[in-house]
Every structure is written in C-alpha cells, then in structure tokens.
Amino acid sequence: MVDNDGDEDRIRSERSFAERCSEMFIKNFMTKDLVTISENDSIDQILETFDKYHFHTYPVVNEDNILVGTIDQDTILKILLVHRAPRSEHTHLNAVVFQGDTAKAIMVPHPVSISPDEHLCTAADMMLKHKIDRFCIVEDGKLVGIICKPDLIKEVYKLRGSD
Amino acid sequence: MEVLLHILLILLLAKLFGEIFERAGFPSILGELLSGMVLGILLIHQESEILKFLAEMGAIFLLFTAGYKEVHLRDLKESSAKASIVTVVQIIVAFSFGAAIGVYFHLSVLESIFIGVAFSPTSIGVVVRTLIDMDYLSSKPGSMMLTSAIFDDIIGIFLLSIVVTMATYEQFPSGLQVLIILLKMIAFVAIMFSLRKWAFSRLFDQIHKMHVKESIFAFVIVIALFSAYLAEVFGLHAVIGAFIGGVMLSDVPHAKIEHVQSKVTGLAYGIFVPIFFAFIGISLNIASLQTIGLFSVLVVVLALLGKLIGGFLGSRLIGFDNYDSLIFGFGVMPRAGVELVLISIGKEMGIIGDEVFSAIVLMVAVSIFVSPVLLKKAIQFKNRANSNNT
C-alpha cells in the first residue's frame, strides 16, 4: 500500500513537473550576460578569452551581433596541438582551420540555435536527443543568450524540490 | 553466404593494413588497396554483385562526405580569383599530359580524354602533414593549395560529368549534345540549390522534432541517396549528385550536429569506403601490373609532372617566385580518393581497360609515396636558398 501511494505521488509529481516545465520559457532562464568572440578577433585575442574565462564554448558574432558561429575548447586544443594531430585529422577543412588567423576562419559556422520563446523542456529534449551540451539563443538572427545543461539541471532541480 | 566472409575479411584486413600504413606515416588508403589486392589473389577470384554494389555505395559516400564535411559554400564564395587561375592552369596541363598519353598509344578519343580527366584532381590531405611539420600551412603556397583544392574537386567532378555523358553517347558528342549535357548539369545544380534554399533547412527544422530514433541521421542519408538518384535521372553519375548533395547540406545546422556527422562518417569510413578501396584492389589486374611497361611508367611520370609543371606555371602567372611555385607544384601532385572514384566509374562503364585502370592505381600509390617527400625537399631547398642569401 505504501508503495502504491508512493507511486501515485511520484506520478502526480512527474505530471505536474512536465506540465510546469512546458510552461517555462527559455528566455527566463538563459544567461544573458555573455562573453562573445568577434568574428574578426585574432587567434591571440581568442586564446586570451579562453585563458581569462573558463567556458567550454563561445559564440562568435559579427558587428551587428548576429550569431555566425561558435568556437569551443576542442577547436582550440586542436589548433594548439596541431603538430600532434593524427593523419585521419589531415582533412582539407581541418587544414583550413589550422592555418586560420581569425575567429571567422576557425569557428564552427553552423551552430544549432534555439528561440528564447521555446520551452525549457524543448531545449532539454534536444540536448538529450542530439547530445548537445548548450544552445545559443537567437532572436531575429541576433544572439540574445545561451543556455547549457547545468542551467537546465538547476531549474529542473528547483522544480522537483518545490514539488 | 560466402559474401559475408568476404565482407568480414575486407573490413578486417582494410583496417589492419590501413593501421600499418598510418603508423608508417602514409595514408590508410594504401592499406585498404593492399587488402583488396591480397584478397583478390588469395580468396576473392570473382567479383560478386553484392560486393560491387557495396563498393558503389562506397564511392557515393566517399564523395557525399567530401561535400558534406569538407566543403563550405562560404569558402567557395570567398575563394579568390587567383586560386581559380592557378587551378585552371594546373588542370589544363595535367589534362593535356593525360590525353597525350592516350593519343600516343592510339587509344580511343574517349579513353584518352578519360585519362586526362583522371589526371586532373588533387588530394591535398596527403601533404597536410608535411605542410604542418615544415610550418608551411599558413604560407602563401600552403594557403593557395588549400583554396585551389576546393576548385580542383569541383572542376574534376564537372569534367567527370562530361566524360560520363560522352560515354553514354558512345562517341564524341556534337555541339548540340554538349549543350544538352551542360543544360542538364545546370538544371540539376539549380534544383539542388533551390532545395538548399527553400527546403533543406525547413525540413531539418521539423525532422529534429521527430520522435523516431535517428531521424536526422536517416534523413541525411536519404538526401545523399536522393541526390545520387536525381543525378542519374538527369543523366549524370550518382557520385556527382552525392557530392553536390553533400555540399548543399554543409551549412544546414541540424544536419551538421556533431554526433550526426560522426554517424555519417562512421557509416562511410567504417563500412562502405574501405570496401570501395579494397574492391579497387580486388579489381586490379595483377597480370597487367606484372608487365609494367612503358605505358604504366609514362602514366606515373606524366601524371606527376603534369601537376608539377601546371602548378608551377599557374603560380608563376599569379606572381609567386620560383621557389613558392615549385612548392605549390609539388603540393598539388598527390592523388587519392577522387581519382579512384573516377577510374572505377571509367572501368564500370567500359571507357577504360584493365591496363589503364591498373596504371592509374599505380600512379595514385606512387604519388602518395613521393609527393610528401618531394614537397619537403622543395621547402628545404627554399629555406637553404634564403639562408644563403641572408
């Protein structure tokens, strides 16, 4: 009996959690105070940014604050360890990245973005489904925020706690 | 079910031999070719239809991933006019050398043109290690090689379309037929561009919301096969369509999610592409290799010289000095995947015979061995000359 009661509580709690999660918009939970890289920043400026802050990924924007790409730690590590890159990494595209001297040349130019009006659950579903750790939030092409897994976990944890 | 054993052994040996070559400092493609040659001698004496089909899929996926992962439309837009000049010059010279061999040995017009086309592309990946080791990737000739390589692939694919259509006419096409070929190509590319502009992004915006497993991956493969099929409908070859389809997906964010890319690469390089390279090894006529005569030697020497001279002349035209032009010429010498796709199509369509096929495979292998060494020597030569002058 105790187990059944426990199950019912859990189901009720999960239902209300799912409902509430679907009512929460990304714009209310995203990080708005962003560290960005300009598409014309030099490699040295980018390395300084990575040295100063400790985020995994930085959005790259143009002068109109339009999101044009992302640069992550993997790309930087690849550039720094270029002499150790295995032969399988010697592709044309990697060679272009290795010899790049601005953010525009080394960034990943096709970031998956999400609207600030999407639900928190949508972001969580996509992160799990496509193994993506963070989304740039874009409104009319302009970068307005970023949301990553720890942000989501924090909010979900708060929701469960309030149940 | 003998074919299961064949596929198992091909994949096993291709990866093992590939690893040996990688560790020795050469691309794994040589090991994959060797695995096919070994199996061709010891076990697989008759090419089965299933193996042939899998090899064709390998060629399709090799070029699809080249377009999907390696080419960015942004890079094409930004590529300089200088790069197109130097590319066109080196292709014209390489093509002429190839076609001249055919004429000299009294091969048919079509076969001679095909050898010229097979001489045209470059596989820049083979010399990237040397450029990195010698700190020459960002140099003037280094960046020109990278830009030129994009044009090189595209012009190679374009020439292939022409020669494949010529083969279907079984004669040198008339002016009207050439016009029809061009119109078909333009129509195909226009349809693919329209799909990219109006359909692909919207399609993937919906696909990523689907609940079924691996929806994005499946649709990337669907587009690869659709592009290949559509190209055939337009009288072009499937691999041309696959390459263009890949390019059209190269800037669709949801289609380029990292873990989707790794699955597409896994399917291509884990299964189909090794089978394709091994199949070329199996198809090699050992008898024609054993009788390496003047023809094979000329194919190897002129294919390498064509690129060297063409690259040198093109670079001089755009203002490089003799040293940088020489470095560029050696840098564009290697051939690998695209050339092997070209000759397998040529053989399958009956355009080239065993001797031409085997000679070009030999040329590919030689170019992979010698290009990095010659490039390194050219860079050292320039460095020595510079230090003597200072």
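For the structure itself, look to the data block above.
Residues numbered from 1 in each chain as written. Chains lettered and ligands numbered in written order. Predicted model: local features only at pLDDT ≥ 70, side-chain atom pairs only at ≥ 80, totals over all residues. Heavy atoms only, no water.

A few words now on the packing of aromatic side chains. Residue and element names in this part refer to chain B. Under the counting rule described, the total for this entry stands at twelve aromatic pairs over all chains. Between Phe-61 and Phe-64, the ring centres sit 6.4 Å apart and the planes meet at 80 degrees, which makes this aromatic pair edge-to-face. Taken together, the positions of Phe-61 and Phe-64, both in helix α3 (residues 49-70) and three residues apart, correspond to about one turn of that helix. By the burial criterion, Phe-61 is buried, and Phe-64 matches it. Aromatic pair Phe-105 and Phe-295: ring centres 5.1 Å apart, planes at 90 degrees, arrangement edge-to-face. (Phe/Tyr/Trp six-rings, centres within 6.5 Å; stacked < 30°, edge-to-face > 60°. Helix = DSSP H or I, 4+ residues; strand = E, 2+ residues; numbered from the N terminus. Buried < 20%, exposed > 50% of the residue type's maximum accessible area, 1.4 Å probe, protein only.)

This next bit is on the sheet that holds strand β3 (residues 67-72) of chain A. All names here are of chain A. Ordered in space as β1-β2-β3, the three strands form an open sheet in which the pairing is mixed. Looking along the sheet, the strands with just one partner apiece sit at the ends: β1 (37-38) and β3. Here strand β2 (residues 57-61) pairs with β3 via five bridges, running antiparallel. Looking at the pairing, Thr-57 lines up with Asp-72 of β3. (Pairing = 2+ DSSP bridges.)

On to helix α11 (residues 238-249) of chain B, then. Residues and elements named next belong to chain B. Compared with the 16 Å implied by 1.5 Å per residue over twelve residues, the 17 Å span of α11 between its first and last C-alpha is a close match. α11 sits mainly inside the fold: twelve of its twelve residues count as buried. Within α11, the full set of buried residues consists of Ala-238, Val-239, Ile-240, Gly-241, Ala-242, Phe-243, Ile-244, Gly-245, Gly-246, Val-247, Met-248 and Leu-249. (Expected span 1.5 Å × (residues − 1).)

Turning our attention to the packing of helix α5 (residues 81-104) of chain B against helix α14 (residues 294-317) of chain B. Residues and elements named next belong to chain B. In the contact formed by α5 and α14, the axes pass within 7 Å of each other and the chain directions differ by 155 degrees. By the angle between their axes, α5 is roughly antiparallel relative to α14. Between α5 and α14 the crossing geometry is right-handed. Considering only residue class, the contact of α5 with α14 consists of 16 nonpolar, six polar and one charged. (Axes fitted to C-alpha atoms, helices over the stretch in contact; angles between N-to-C directions. Parallel < 35°, antiparallel > 145°, perpendicular 65-115°, else oblique. Left-handed = near helix turned anticlockwise from the far one by under 90°. Nonpolar A, V, L, I, M, F, W, Y, C, P; charged D, E, K, R; others polar.)

All quantities given are derived from atomic positions and should not be read as evidence of function.
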